[in-house]
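Summary of the model geometry
Listed below are the residues making up each chain.
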Amino acid sequence: MNSFLSGRDRAPARAALLATGMTAEDLAKPMIGVAHSWIGTMPCNLNHRRLAQAVMAGIRAAGERRWRSTRSPYRT
């Protein structure tokens with residue numbers, strides 16, 4: 001298990017991930033994050049969602065656990 005999830009003080013993090021349906025086996029695997037800036041109103045970003053889905057499918061096919069996160073192109 002990685003240092004992010006190891007130890008007594010990380011029990012809440014493990015519990016939260018297990019509550020999402022992950023297993024102990026999943027927690028032992030590398031966590032791969034896929035971030036993209038897809039938004040339906042920006043023509044320059046329209047392909048990002050499709051690309052992220054293809055990347056996640058490849059990660060899933062390799063037997064790994066993937067996470068998706070979106071990021072707004074608008075910064076405050």
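Heads up: the structure comes first, above all this text.
Before going into details, it helps to say that this report is about the structure given with it. (Residues numbered from 1 in each chain as written. Predicted model: local features only at pLDDT ≥ 70, side-chain atom pairs only at ≥ 80, totals over all residues. Heavy atoms only, no water.)

**As for the environment of Phe 4**
Note that Phe 4 resides in the segment before helix H1 (11-19). Of the residues examined, Phe 4 reaches a relative accessible area of 46% and is grouped as partly exposed. It is 9.3 Å that separates the C-alpha atoms of Phe 4 and Arg 14, two residues lying ten residues apart in sequence. (Helix = DSSP H or I, 4+ residues; strand = E, 2+ residues; numbered from the N terminus. Buried < 20%, exposed > 50% of the residue type's maximum accessible area, 1.4 Å probe, protein only.)

**Section: helix H3 (residues 48-61)**
Count 3.6 residues to each turn of an α-helix, and residues three or four apart come out pointing the same way. The terminal C-alpha atoms of H3, which comprises 14 residues, lie 20 Å apart, in line with the 20 Å expected from a rise of 1.5 Å per residue. When H3 is considered as a whole, its buried residues turn out to be Ala 52, Met 56 and Ile 59. For H3, the arc enclosing every buried residue in end-on projection is 55°, short of the 170-degree limit, so these residues lie on one face. Across H3 from its buried face, at more than 90 degrees, point the exposed residues Arg 50, Ala 54 and Ala 61. Following H3 by one or two positions, Gly 63 adopts a phi angle in the positive range, close to 85°. (Expected span 1.5 Å × (residues − 1). Arc of directions from axis to C-beta.)

**Some details on the environment of Gly 33**
With respect to the secondary-structure elements, Gly 33 resides in strand S1 (residues 31-36). What makes Gly 33 exposed here is its relative accessible area of 62%. Here the alpha-carbon distance between Gly 33 and Ile 59, two residues 26 residues apart in the chain, equals 9.9 Å.

**A look at the environment of Ala 24**
By the element assignment, Ala 24 lies in helix H2 (residues 24-28). A sequence separation of ten residues divides Ala 24 from Arg 14, and the C-alpha atoms of the two residues are 9.0 Å apart.

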